[in-house]
Amino acid sequence: MKIKSRLAFILLCFGLTLFSSAQAQEVEISLDRNEIARGETVTLTIRIYDQRQGMQLDLTPLTSQFDVLGTRTSSQIRSVNGAVEAWTDYIVTLFPLEEGDLIIPELDINGTTTAAIEITVTNEGPRSNQSNEELYLEIETNKESVYVQEQLLFTVRLYYTINGIRNPQFTELEMENSVIQLIGSPNQYEKLIDGERYGVYEKRYVIFPQRSGPLEVPDILFRGEVTDGSSNFVFRNLNTRRVTAFIEGITIDVMERPAVVQNDDFWLPVSNLTLEESWSTDINNLKVGDSVVRTVTMTADGLDGAVLPPFSGTEIEGLNLYPDPPEIGRTFIEGAIVGTRIETTTMVPIDSGNVVIPEISVPWWNIETDQLEATVIPATRLVIATVTGAIPAEQTVASTENLEELLSQLPVVDQDMINEQAEAEFIEVEAAWLNYTIAAALIIVMFSIYKLVIADNKREINEYLRRLMAQIAANYSPDNNERVAYTQLVRACSSNDPTAIRQTLIKWCDHHIGSRPIVSMEDILQQSESPALHEHVHAIQTALFQINSRQASDKAFSARDLLQLISQLRKNKLRVQKKQQREEQYSLPPLYKT
């Protein structure tokens, strides 16, 4: 009894020792270099010894100062003098988000805390992880200093000679106390520089600083992927590598309003401002109660229409005003913003005599001449005539009655007059002869088409219809249509006929397998794209042999299992094709057309 208890105690201690050694795995962490230039990437390697199974690393602490571009693993086993050593490397590609002394923080891996690592990121000017002749960035502004709320045009361009750049991403342009708008979609074109043809990917912005002082435009970082032309053998996915580029930001001086306009109600720093006035009718023949629509359009070169101020008056003596909501818009002309504000007002004269519409004067600051200017629509004088005789219900005289009260009165309806007008406008027409005429015209047209088109070209039409039917039949032939071939294979599997399954499987595999043409079962066995089919091909051959020789086999063929495999292969291929289409959709076009 004592011996058994001692043995159990020894086994328990041995198990706890193994468990503690498995839990306390040795972890090493290293960088490929501790000093890099801004715009370059650094590789972090986490090595775990004696790892029994895979695990998920929590890389969230790295994202405060780095962008995790990609991860991969590598497992190795080494034997030295009979001692076996195994480890797994987790390789992480990091992109620094800022310059200076950065720290890769401590990481908790399987209960082990790694040590922090310092890394220095220096600014060595515009650069990329490729040759500067292959990939580089350029930024451009239209001015080095602007007034507060004046437009600043900012452009960033990527020059590249590398074909197949996918998923281009730039630093989001974000600045405090600024309104930023992207001008349209990115432009893509080619440019010849010193005899070298470059592809150009260009993004344009308009920036409106809202506070005076230095405006810090941030550093611009570019990240993308480049295909190297090779692909994965199983799924044919193109292999890619990361490319990056960096250019340092700039500082723009934002000036305050000039002293002469410090106390103005609104501030319009633009290169040009115009006002246009139009009327819906002749304003020289207006009477009391008439209505006329006045439209005034303000156009400003260099400001959004949303910041343009209202300019039409709300009260004019002798007129009732009914303004519509303003129409506000913006467009981009040659890369600069042009804002518009359209104010429409319906005016109804309520007094006869002279009515004066005041002038409209809009002051603005000319950024080209650096002077205060004003755009003016002169005052307009209207001569309103009186209304003689009875006044219709829809007309109004303000001196006697209110416009709303007159409009609310019910009109007097003369039913006899309405009936006479209806009888005068209604004309009875005998329609029988019209129907015969239409039918005769239709017959004549059809006969003419037959004689002029069909009769003389009957042979060509029959030949065209024959070719069309043959083409339709070919499109739905199992030799040309994968879906039809798959349908026939499903039907053959449902009938469990090995001979029909063999024939339809060969036709379907010829569509599915792209590495070689499939004309026999041996071709299916020799392909390596879908090796799971080999077992079913052997089973089909064995089933056919049993039928011909009447011998039994230990392994029976299952049409249901084959059909499940075929369905899964089709889904996998469709998934890969959709992924490739998404990647091609967001890839830059090749620089040199082939």
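Note that the structure is a prediction, hence the values are computed from the model and not measured. (Residues numbered from 1 in each chain as written. Predicted model: local features only at pLDDT ≥ 70, side-chain atom pairs only at ≥ 80, totals over all residues. Heavy atoms only, no water.)

(A) Here's a closer look at the overall build of the chain. Within the chain one finds ten helices and 32 strands. Counting over 594 residues, the chain shows a buried share of 33%. Pairs at least 24 apart in sequence give 66% of the contacts found in the chain among residues at least 6 apart. Approximately 37,000 Å² of the chain is accessible, and the part contributed by carbon and sulfur atoms is 51%. (Helix = DSSP H or I, 4+ residues; strand = E, 2+ residues; numbered from the N terminus. Buried < 20%, exposed > 50% of the residue type's maximum accessible area, 1.4 Å probe, protein only. Contact = heavy atoms within 4.5 Å. Areas by Shrake-Rupley, 256 points an atom, 1.4 Å probe, with all protein chains shown as cover.)

(B) Spotlight on helix α7 (residues 498-512). Compared with an ideal rise of 1.5 Å per residue, which puts 15 residues at 21 Å, α7 spans 20 Å between its outermost C-alpha atoms and is within 8% of the ideal. Those residues of α7 that sit buried are Pro 498, Ile 501, Thr 504, Leu 505, Ile 506, Trp 508, Cys 509 and His 512. (Expected span 1.5 Å × (residues − 1).)

(C) Molecular detail of helix α6 (residues 482-495). Between its terminal C-alpha atoms α6 stretches 20 Å, which fits the 20 Å expected from 14 residues at 1.5 Å a residue. Every buried residue belonging to α6 is among Val 484, Ala 485, Tyr 486, Leu 489, Ala 492 and Cys 493, and all of these are buried. Where α6 starts, the residue carrying a side-chain oxygen 2.9 Å from the main-chain nitrogen of Arg 483 turns out to be Asn 481. A positive backbone phi angle near 55° is found at Asn 496, which sits one or two residues after α6. (Polar contact = N/O pair within 3.5 Å; in protein donor to acceptor, adjacent residues only side chain to side chain.)

(D) Region of interest: the sheet that holds strand β9 (residues 117-122). Read across the sheet, three strands follow the order β2-β9-β6 without closing on themselves; strand pairing throughout is mixed. Strands at the two margins of the open sheet, each flanked by one partner only, are β2 (35-37) and β6 (100-104). Looking at each pair of strands side by side, their axes are set apart by 30° on average, direction ignored. Across three bridges, the pairing between β2 and β9 is parallel. Bridging from a neighbouring strand, Glu 35 pairs with Thr 120 of β9. (Pairing = 2+ DSSP bridges. Axes fitted to C-alpha atoms, helices over the stretch in contact; angles between N-to-C directions.)

(E) Quick look at the environment of Asp 497. Mapped onto the fold, Asp 497 is located in the loop between α6 and α7. The class of Asp 497 is partly exposed, set by a relative accessible area of 34%. The spatial distance from the C-alpha of Asp 497 to the C-alpha of Leu 544 is 9.5 Å, given a sequence separation of 47 residues.

(F) A look at the nonpolar core. In terms of nonpolar packing, the biggest core is built from 34 residues, with Leu 135, Leu 137, Phe 154, Ile 220 and Phe 222 touching the most fellow members. Ranked by residue count, the leading element in this core is strand β13 (residues 152-160), at five residues. Apart from residues lying up to four places away in sequence, Leu 137 is in contact with Val 156, Arg 157, Leu 158, Phe 170, Ile 220, Phe 222, Ala 245, Phe 246 and Ile 247. Counting residues in each nonpolar core, the second largest holds 26 residues, with Ala 492, Ile 501, Ile 513 and Ile 524 among its members. (Core = buried A, V, L, I, M, F, W, Y, C linked by side-chain atoms within 4.5 Å.)

(G) Representation of the packing of aromatic side chains within the structure. Taken as a whole and judged by the stated rule, the model has ten aromatic pairs. Where Phe 154 meets Tyr 205, the ring centres are 6.3 Å apart and the plane angle is 45°; that geometry is what we call tilted. Of the two residues, Phe 154 is situated in strand β13 and Tyr 205 in strand β17 (residues 196-209); the sequence distance between them amounts to 51 residues. Note on Phe 154: relative accessible area 1%, which makes it buried. Tyr 205 sits in the buried class, given a relative accessible area of 9%. Judged by centre distance (6.2 Å) and plane angle (40°), the ring pair of Trp 267 and Trp 365 falls under tilted. (Phe/Tyr/Trp six-rings, centres within 6.5 Å; stacked < 30°, edge-to-face > 60°.)

(H) Layout of the pairing of strand β32 (residues 380-385). Of the two faces of β32, the one holding Thr 380, Leu 382 and Ile 384 is buried and the one holding Arg 381, Val 383 and Ala 385 is not buried anywhere. Bridge count between strand β24 (residues 286-287) and β32: two bridges; the pairing is parallel. Considered in β32, the bridge of Leu 286 is made with Ile 384. Note that strand β29 (residues 353-357) and β32 share five bridges and pair antiparallel. By the bridge assignment, Asn 354 is partnered in β32 with Val 383.

(I) Inspection of the sheet that holds strand β22 (residues 269-270) at higher detail. On the basis of which strands lie adjacent, the open sheet formed by three strands has the order β22-β30-β31 and mixed pairing. The open sheet has two free edges, formed respectively by β22 and β31 (371-377), since each of these has just one partner strand. Sheet analysis places strand β30 (residues 360-366) next to β31, joined by seven bridges and oriented antiparallel. Considered in β31, the bridge of Trp 364 is made with Glu 373.

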